[in-house]
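Spelled out from the first residue to the last, the chains are:
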Amino acid sequence: MIKGKDILFWAGLTFDKTSIGADLAKTLAEHNRIFYIEYPESLVRAFYHRDISYWWNSISRLILRQRLRKPYHNITVYVLRKIPFLFITYPEFVRCLVLKLNIWFVKKYLKQQKYKDIILIVLYPTAYEVLKEFDKDVSVYYCIDDYAAQPEYKQYPRRRIHIEGLERKTLKESNICLFSSDDLLQKKKQFCSSGSLLKAGVDVERFNVSPVSFIKYRDKEIKEPIVGFIGGINDRFDWNILEFSAKKLHDVSFVFIGIGRGITQVRKKISNLYFLGEMEPEDLGAFVVKFYVGIIPYVVDSTTTFINPVKIYEYLAAGLPIVSTPLPDVVKMSEELGQGYIYIADSPETFSNAIQQALKEDSPEMRKRRKNLAENYSWEKRAEQFAEIIESYKQRA
């Protein structure tokens, strides 16, 4: 375990939400000092949420949130300054100017607080400019997705090529490159000097809680059994699988916790689908342990080949059997774990059948086994792996 170090965590991801960046930072903060960089609250993100209270909270956070705050032991969070008027296309020199301003402020704060021998961790593919600007002991790029393959770039091939080029610069500039899946490592290791596998982890204690008495939707209690999903609802969803399964299993309630697109149209067609919106991390666990089965209904194509879903470990920590489409990393994990943990299904018919099988075969004993297994994927374990990778690099350097 790394101890007594100063870590600059240029994550971009919001610290107060469940994310790989925030969870890893919290784990490392047990024995180190963290300066965590996040992007400002996005009002566009709020518009995908059905709950008016969420819109208000987003606006409040955007207006009232302090530029600097200390929400957690040993962690200081800095909210980046941003260019106003999101939908205006700015010249490149304006973007660079704003980035320089943010870097200047961060450097000033680090100097005031006497940060030294910094470990710099970046989590987004265009961070090569940040990597060049700071004096550091070690620089780390933690790649958690194939960003250029994301659905939004399908219609914009030039943007995709641009992102790929910037990421290669980031890979080259970093002393250590970490990848959250085997396929990501194999695809991108050729562009970096030192590549290692570091899969996502889980905050086990978040799911070591008593379940809520019942789950409500618009003041109406949702009937059990409940099949659930947590995370972003986006273009990676296989809506055909979801709609078929919900219609066939009309006595099962399908509950989704997260924000995204395409929700309203589907909800109008199918009565046993419930979208609860986004939840605070501290509230999430009590709802997830109320589920009977956790699902990952993603399409399997170039946009999902490289992901290692965090929700696998979260479902296991809650004791849930998992039904998933055949994502490469999930298939490998299913084969390693054996029967009763992850059910793989590649069509609407087999997916609904797998849900039925998971419901039938589940037991208190299997729930206990899954929870015990999740301990192996805790963020504490991942932090130990991270420390070993850092130490190995320093011995070679």
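Scroll up a little and you will see the structure.
Residues numbered from 1 in each chain as written. Predicted model: local features only at pLDDT ≥ 70, side-chain atom pairs only at ≥ 80, totals over all residues. Heavy atoms only, no water.

### A closer look at the overall build of the chain
Stage number 1. Within the chain, the secondary structure is distributed over 15 helices and 16 strands.
Stage number 2. In the chain, which comprises 397 residues, the share counted as buried stands at 53%.
Stage number 3. If you take every contact in the chain between residues at least 6 apart in sequence, the share linking residues at least 24 apart comes to 69%.
Stage number 4. As displayed, the chain offers around 19,100 Å² of accessible surface, 52% of which is attributable to carbon and sulfur atoms. (Helix = DSSP H or I, 4+ residues; strand = E, 2+ residues; numbered from the N terminus. Buried < 20%, exposed > 50% of the residue type's maximum accessible area, 1.4 Å probe, protein only. Contact = heavy atoms within 4.5 Å. Areas by Shrake-Rupley, 256 points an atom, 1.4 Å probe, with all protein chains shown as cover.)

### Side note on the environment of serine 363
Stage number 1. When you line up the elements, serine 363 lands in the loop between α13 (348–361) and α14 (364–374).
Stage number 2. Sequence separation between serine 363 and leucine 320 is 43 residues; the distance between their C-alpha atoms is 9.9 Å.

### Here we look at a negative patch on the surface
Stage number 1. On the surface, Glu30, Glu205, Glu375, Glu380, Glu384 and Glu388 cluster together into a negatively charged patch.
Stage number 2. Locating glutamate 205 in the fold gives a position in the loop between β8 (195–197) and β9 (216–217). (Patch = residues over 30% accessible without salt bridge, like charges linked within 9 Å, V, L, I, M, F, W, Y side chains within 5 Å. Salt bridge = Lys/Arg side-chain N within 4 Å of Asp/Glu carboxyl O. Lys, Arg positive; Asp, Glu negative; His and termini not counted. Charge placed at Lys NZ, Arg CZ, Asp CG, Glu CD.)

### Some details on the pairing of strand β7 (residues 176–179)
Looking along a regular strand, one sees side chains alternate from face to face of the sheet.
Stage number 1. Burial along β7 is two-sided: Ile176 and Leu178 facing one way and Cys177 and Phe179 facing the other are all buried.
Stage number 2. The sheet contact formed by strand β6 (residues 138–143) and β7 spans four bridges and is parallel. Pairing of tyrosine 142 across the sheet is with leucine 178, part of β7.
Stage number 3. Handedness of the β6-helix α6 (residues 157–173)-β7 crossover: right-handed.
Stage number 4. Handedness of the crossover is the feature at issue here: the chain leaves β7, passes through helix α7 (residues 182–188), returns alongside β8, and the resulting connection is right-handed. (Pairing = 2+ DSSP bridges. Right-handed = clockwise from strand over helix to strand, strands pointing away.)

### Quick notes on the environment of valine 300
Stage number 1. Within the secondary structure layout, valine 300 lies in the loop between β14 (293–296) and α11 (310–317).
Stage number 2. Among the residues examined, valine 300 registers a relative accessible area of 44% and is labelled partly exposed.
Stage number 3. Sequence separation of valine 300 and proline 328 is 28 residues, and the distance between their C-alpha atoms is 8.8 Å.
Stage number 4. Setting aside anything within four residues of it in sequence, one finds valine 300 in contact with Thr325, Pro326 and Leu327.

### Observations regarding the sheet that holds β6
Stage number 1. Strand order in this open sheet of eight strands is β3-β4-β2-β1-β5-β6-β7-β8, and the pairing throughout is mixed. Each end of this open sheet is capped by a strand with a single partner; those strands are β3 (68–72) and β8. The mean angle between the axes of side-by-side strands here comes to 25 degrees, regardless of whether they run parallel or antiparallel.
Stage number 2. Bridge count between strand β1 (residues 6–12) and strand β2 (residues 33–38): six bridges; the pairing is parallel. Paired with leucine 8 across the strands is phenylalanine 35, a residue of β2.
Stage number 3. With respect to the sheet, α6 is in contact with β5 (119–122), β6 and β7, its orientation differing from that of β6 by roughly 140 degrees. (Axes fitted to C-alpha atoms, helices over the stretch in contact; angles between N-to-C directions.)

### Describing the nonpolar core
Stage number 1. Residues Leu8, Phe9, Trp10, Tyr36, Phe254, Phe256 and Ile295 are the most contacted members of the largest nonpolar core, which totals 130 residues.
Stage number 2. Sorting elements by how many residues they give to this core places helix α15 (residues 379–396) first, with seven residues.
Stage number 3. If we ignore the near neighbours within four places in the chain, the residues touching phenylalanine 256 are Phe229, Ile233, Phe237, Leu242, Leu273, Tyr274, Phe275, Leu276, Gly277 and Ile295. (Core = buried A, V, L, I, M, F, W, Y, C linked by side-chain atoms within 4.5 Å.)

### A closer look at the side chain of lysine 26
Stage number 1. Mapping lysine 26 onto the fold places it in helix α1 (residues 20–28).
Stage number 2. In this structure lysine 26 is buried but unpaired, with aspartate 23 as the nearest side chain of opposite charge at 4.6 Å.
Stage number 3. With residues near it in sequence (within four places) discarded, lysine 26 still touches Phe15, Tyr72, Ile75 and Arg206.

### A short note on α1
Stage number 1. Of all nine residues in α1, nine are buried, a share of seventy percent or more.
Stage number 2. Ile20, Gly21, Ala22, Asp23, Leu24, Ala25, Lys26, Thr27 and Leu28 are the residues of α1 that are buried.

### Observations regarding the environment of aspartate 137
Stage number 1. Within the secondary structure layout, aspartate 137 lies in the loop between α5 (128–133) and β6.
Stage number 2. For aspartate 137, a relative accessible area of 33% puts it in the partly exposed group.
Stage number 3. Leave out the neighbours within four places in its chain, and aspartate 137 touches Asp117, Ile118, Asn175 and Lys394.
Stage number 4. A polar atom in the side chain of aspartate 137 sits 2.7 Å from the side chain of lysine 394. (Polar contact = N/O pair within 3.5 Å; in protein donor to acceptor, adjacent residues only side chain to side chain.)

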